[in-house]
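What the coordinates show
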Amino acid sequence: MTDRVAMTQLEIPDYDLGVRGKLVRASKTQPGAQLAMCTILYGLSVTDEVTDTPYSNAGNGYPDAQLIPDESTRVELPWRPGTDAVIADLAGVDGEPIEMSPRNTLQRLRAGYADLDLAPVLGFEYELWLFDAADAAGQRRPFGGTENAYSLSRSAAADALATEFINRMDAVGITVEMFHAELGPGFFEFTLAPAPALQAADHAVRARQYLRDLCAERGLHASFMAKPFADKSGAGGHVHSSLTRDGVNVFSDGGRTLSEYGRSYLAGLLTGMPDTVAMLNPYVNSFKRIDPEMFTPAVAAWGNDDRSAACRVILNDAASARVEHRRPGADASPYLVASAVLAAGLHGLTEALTLPDAGETAAHLPADLHHAVSAFEDSAWAAKLLGKAFCGSYAATRRAEAQRYDQWLSRTITDWERNRHLEHQ
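In the nomenclature of an unreviewed UniProt entry, the protein is known as Glutamine synthetase of Mycolicibacterium porcinum.

Given below as structure tokens:
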């Protein structure tokens, strides 16, 4: 019997799935090895329709780019003996990550904060749907029979899954702080420990993927879809953020009041929110989650410990002072959400924007994907901080996403139309 071949799971950030990947011999991922990936990666939808972008298109033949592993992210996967995983990014001929990369966009924003001697810290929390295996007709039944939020009975039913998930994440250096039942069929939530921005996004994208993998092993299905049930809550992907200097939180003045840094940063989140909605809510379905009665805000406003506000400021003590951005959905890539939040916050800091009063609406937010993409494309500050190359590439994919839905709707006779017209006209 031969020894098991050592394998590496390459995890490559994209716009829609969070990460895509390849399973390759581990020896091919070591320093000096040559790896490549097709640049069509940034043009693939969640169901793999292809959008031509300025960087990768039919005209240039969707060329390859170098694939550079980030060795700081390499981890063993104990539940898959002989296999490790490493996050890798597409790079140009100079070896530098290409500008269209969402992970590289986040890294560039970190550098912008470093210029101000600041470091952002992020903490992600995700709501998600658990389903049993599909039946013969392809239908999925929600996991568990009740819908109570924070139900200990529902948590007990998911105990084995949650415990294994938490243990697996611990094994790869990711701390899951909480896992509990939410209000909805098969609806649960988990919270990740805060971490420096890039590490936090890496942890979030892996936690989502590894939970989906674990569920598949157990005949279950985990979904981060924003709104699968019209009459139920939607799945949020909220992100908490704070600012540190030399490891010390500077978001508050040391008490229960925002510091000048905190005020300018928060003003940026609010002022920049309309232009970044396309990154926070990237699909047509994302906007069906937006409902103020379900604590999903339609306007940019902030409040002290107010879950109805887009930005909930939490100032319990100086060490944990932070703002929870409640607009992002669970369906959005952590790299996109982190980049949207940090770009807006950096805009507020560099421009010393003025914070409106708590509860005051800073701006109304785009109500659908078409308007969100237009706001994103028209934003001069977003192009400056996120990069024109990224903005052009990402906007093309969101415009195509909205157009595909429009085309489907124009060619589809809905049940609403049949019920309204067939028997009565």
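Having seen the structure, we can now continue with the description.
1. Description of the pattern of salt bridges
For side chains of opposite charge, pairing can occur when their charged atoms come near one another. Under the defined criterion, the tally for this structure stands at 17 salt bridges. Put simply, D70 and R103 hold a salt bridge, and the shortest N to O gap is 2.9 Å. Taken together, the residues span a long stretch of sequence, with D70 in the loop between β4 (64–69) and β5 (75–76) and R103 in helix α1 (residues 102–114) at a distance of 33 residues. D70 sits in the partly exposed class, given a relative accessible area of 21%. Of the residues examined, R103 reaches a relative accessible area of 2% and is grouped as buried. R326 is paired through a salt bridge with E324; the nearest N and O atoms lie 3.2 Å apart. In terms of burial, R326 and E324 fall into one category: buried. When salt bridges that share partners are traced, they join D305, R312, E324 and R326 into one network.

2. Quick look at the packing of aromatic side chains
Tallying each qualifying case throughout the model produces 18 aromatic pairs. On the basis of an interplanar angle of 35° and a centroid distance of 5.9 Å, the ring pair of F179 and F188 is categorised as tilted. Here F188 falls in the buried class, since its relative accessible area comes to 1%. The ring centre of F224 lies 4.8 Å from the NZ or CZ of R208, which sits over that ring.

3. A short note on the pairing of strand β2 (residues 19–25)
The pairing of strand β1 (residues 7–13) with β2 spans seven bridges and is classified as antiparallel. The residue bridging T8 from the neighbouring strand is V24, located in β2. Hairpin connection from β1 to β2: five residues lie between these consecutive antiparallel strands, with G18 at a positive phi of about 95°.

4. Some details on the nonpolar core
Ranked by internal contacts, the top residues of the largest apolar core, which has 116 residues, are F124, F190 and Y265. In this view, F124 contacts T191, L192, A200, A201, A204, H238, V239, P334, V337 and A338; residues no more than four positions away in its chain are not counted.

5. Some thoughts on the environment of H221
Relative to the elements of secondary structure, H221 occurs in strand β11 (residues 220–223). Overall, the relative accessible area of 23% leaves H221 in the partly exposed class. For the pair H221 and P142, spaced 79 residues apart in sequence, the C-alpha separation works out to 9.3 Å. Sequence-distant contacts of H221, defined by excluding residues within four places in its chain, comprise W129, L130, F131, R140, R212 and C215.

6. Quick look at α1
For α1, spanning 13 residues, the distance from its first C-alpha to its last is 19 Å, which sits close to the expected 18 Å at 1.5 Å a residue. Residues of α1 that are buried include every one of P102, R103, N104, T105, L106, L109, G112 and Y113, and no others. N-capping of α1 is provided by S101, with a side-chain oxygen placed 3.2 Å from the backbone N of R103.

7. Focus on the packing of helix α5 (residues 260–280) against helix α6 (residues 334–350)
Look at α5 against α6: their axes get within 6 Å of each other, and the N-to-C directions meet at 135°. With respect to α6, the axis of α5 lies oblique. Here α5 runs over α6; the crossing is right-handed. The residues of α6 that touch α5, namely those facing Y261, S264, Y265, G268, L269, G272, T276, M279 and L280, are L336, V337, S339, A340, V341, L342, A344, G345, G348 and L349. Partitioning the contact of α5 with α6 into residue classes produces twelve nonpolar, seven polar and no charged.

Definitions and cut-offs
- Residues numbered from 1 in each chain as written.
- Predicted model: local features only at pLDDT ≥ 70, side-chain atom pairs only at ≥ 80, totals over all residues.
- Heavy atoms only, no water.
- Salt bridge = Lys/Arg side-chain N within 4 Å of Asp/Glu carboxyl O.
- Helix = DSSP H or I, 4+ residues; strand = E, 2+ residues; numbered from the N terminus.
- Buried < 20%, exposed > 50% of the residue type's maximum accessible area, 1.4 Å probe, protein only.
- Phe/Tyr/Trp six-rings, centres within 6.5 Å; stacked < 30°, edge-to-face > 60°.
- Lys NZ or Arg CZ within 6 Å of the ring centre and 35° of its normal.
- Pairing = 2+ DSSP bridges.
- Core = buried A, V, L, I, M, F, W, Y, C linked by side-chain atoms within 4.5 Å.
- Contact = heavy atoms within 4.5 Å.
- Expected span 1.5 Å × (residues − 1).
- Polar contact = N/O pair within 3.5 Å; in protein donor to acceptor, adjacent residues only side chain to side chain.
- Axes fitted to C-alpha atoms, helices over the stretch in contact; angles between N-to-C directions.
- Parallel < 35°, antiparallel > 145°, perpendicular 65-115°, else oblique.
- Left-handed = near helix turned anticlockwise from the far one by under 90°.
- Nonpolar A, V, L, I, M, F, W, Y, C, P; charged D, E, K, R; others polar.

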